[in-house]
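What follows is each chain in one-letter form.
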Amino acid sequence: SADLTSDARLVLADLDGCLISEGRPFPDACGFVEACGDRLWIISNNSSHTAEALSAELAAMGLNVAADRILLAGEQTLRHLRAAQPDHRVALYASDCLRTQARAIGLQAEDQHPEIIILCRDPEFAMPQMADVTAHCLRGAKLWVSNTDTAHPGQDGRPVPETGALLAALRAVMGEVAFDCIGKPHTHMANTVLHLTGTAPQDAVFLGDNADTDGAIARAMGMRFVHVVREGAA
């Protein structure tokens, strides 16, 4: 219900399991998005799309959210590293969409001797890629992971593998491995939105289906949290 957020100046919302699932909107999502209007920002651990691509896909579903109000963990990781370490050589394991985005923003691709490894939700990731990442880590490359979610919920409640599942596989090979991550539950993306909009945490609300990520961000920032529980969810 849009009444849950009517008194909030800013509405931060998760995507998968909250507004959509497996490329389909939940029945109440379109009305909710329309009622929130420009107050709504999407903060998602999605690491396969860019904001532009996702905005177009959402619009086709009847969910009109401008690209500049969508922050995605994969794309934001690329932008963060481009700003913080512009001269570092990067090996990127990600979708074609994100690889194109990395080139567009000027990340220096290097598959042989990278200084940074970025692991996203790569549909092509298999044993050869695992061997490459392992070798890069052993040579001292810094590992970045877009998010640590092992799965996101499908339309029927079944788990859909996520980036964290690839990280778990890497740990099965190497044992504990150090990595950095600005995906949820890190507060980086939420803080970015508050800064861009000039909004105080107490004037915002965070909606999400995962109390361990979305809820943790809200608690850490002093923001109200609305826990979305979908029928059939575990």
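Residues numbered from 1 in each chain as written. Predicted model: local features only at pLDDT ≥ 70, side-chain atom pairs only at ≥ 80, totals over all residues. Heavy atoms only, no water.

A. Structural context of the overall build of the protein. Secondary structure summary: the protein contains eight helices and 13 strands in total. A compact globule built from 234 residues would reach a C-alpha radius of gyration of about 17 Å, and the protein, at 18 Å, matches this within 12%. Based on the C-alpha atoms only, the size of the protein along its principal axes is roughly 55 × 35 × 35 Å. The buried share of the protein, reckoned over its 234 residues, is 49%. In the protein, the proportion of contacts linking residues at least 24 apart, taken out of those at least 6 apart, comes to 69%. Of the roughly 10,800 Å² of accessible surface on the protein, 51% is carried by carbon and sulfur atoms. In the protein, 18 positive and 30 negative side-chain charges are present, and the distance between their average locations comes to 3 Å. (Helix = DSSP H or I, 4+ residues; strand = E, 2+ residues; numbered from the N terminus. Rg over C-alpha atoms; globule rule 2.2 N^0.38 Å. Buried < 20%, exposed > 50% of the residue type's maximum accessible area, 1.4 Å probe, protein only. Contact = heavy atoms within 4.5 Å. Areas by Shrake-Rupley, 256 points an atom, 1.4 Å probe, with all protein chains shown as cover. Lys, Arg positive; Asp, Glu negative; His and termini not counted. Charge placed at Lys NZ, Arg CZ, Asp CG, Glu CD.)

B. Examining the sheet that holds strand β9 (residues 142–145) more closely. Spatial ordering of the open sheet is given by β7-β6-β8-β9, a layout of four strands whose pairing is parallel. Each end of this open sheet is capped by a strand with a single partner; those strands are β7 (108–109) and β9. As paired strands, strand β8 (residues 116–119) and β9 are joined by four bridges and run parallel to one another. Looking across to β9, one finds that I116 is bridged to K142. Of the strands in this sheet, β8 and β9 are in contact with helix α6 (residues 163–174), which crosses β9 at around 145°. (Pairing = 2+ DSSP bridges. Axes fitted to C-alpha atoms, helices over the stretch in contact; angles between N-to-C directions.)

C. A look at the sheet that holds strand β5 (residues 70–72). The parallel open sheet is built from five strands, whose spatial order is β5-β4-β1-β12-β13. Two strands bound the open sheet, and with one partner strand each, they are β5 and β13 (224–227). Between one strand and the next, the sheet's axes are offset by a mean angle of 20°, whatever the strand orientation. Looking at chain direction, strand β1 (residues 10–13) and strand β12 (residues 204–208) are connected through four bridges and run parallel. Bridge pairing in β12 places L10 opposite A204.

D. Spotlight on the layout of surface pockets. The calculated volume of the second largest pocket comes to roughly 230 Å³. Looking at the lining of the second largest pocket, its residues break down into four nonpolar, six polar and five charged. (1 Å grid on protein atoms, 1.4 Å probe; cavity = no way out; pocket = protein on both sides within 12 Å on 5 of 7 lines; lining within 4 Å. Points joined across faces, edges and corners; volume = space filled by probe spheres on them. Nonpolar A, V, L, I, M, F, W, Y, C, P; charged D, E, K, R; others polar.)

E. Representation of the nonpolar core within the structure. Of all hydrophobic cores here, the largest spans 26 residues; its most connected members are V11, L19, L40, L58, I70 and L207. In terms of residue count, the dominant contributor to this core is helix α1 (residues 29–36) (four residues). Excluding residues that lie within four positions of it along the chain, L19 makes contacts with A13, D14, P25, F26, A29, F32, V33 and I42. In this structure, A190, V193, A204 and M223 belong to the second largest nonpolar core, which totals 16 residues. (Core = buried A, V, L, I, M, F, W, Y, C linked by side-chain atoms within 4.5 Å.)

F. Just the state of the cysteines, in detail. With the rule as written, the count across this model stands at zero disulfides. Unpaired in this structure, C97 has its nearest cysteine sulfur neighbour in C120, at a distance of 11 Å. Note on C181: no disulfide assigned, nearest cysteine sulfur contributed by C120 at a separation of 9.7 Å. Assessed through its relative accessible area of 17%, C181 is described here as buried. (Disulfide = S-S within 2.5 Å.)

G. Looking closely at unusual backbone geometry. With an omega of 15°, the peptide bond running from K184 to P185 counts as cis. With respect to the helices and strands, the residue P185 is situated in the loop between α6 and α7 (188–197).

H. Quick look at the packing of helix α5 (residues 127–138) against α6. It is the contact of α5 with α6, at a shortest axis distance of 11 Å, that shows an interaxial angle of 65°. Seen from above, α5 lies across α6 with right-handed handedness. Across from M130, V133, T134, C137 and L138 in α5, the residues of α6 making contact are L166, A169, L170, V173 and M174. The class makeup of the residues in the contact of α5 with α6 is nine nonpolar, one polar and no charged. (Left-handed = near helix turned anticlockwise from the far one by under 90°.)

I. Structural detail: helix α4 (residues 96–105). Three or more residues of α4 are buried, namely L98, Q101, A102 and I105. When α4 is viewed along its axis, its buried side chains cluster within an angular range of 105° and face the same direction. For α4, the exposed residues lying more than 90 degrees away from the buried face are D96, R103 and A104. Elements in contact with the buried residues of α4: α3 (73–84) and β6 (89–93). Directly after α4, the chain includes G106, whose backbone phi takes a positive value near 95°. (Arc of directions from axis to C-beta.)

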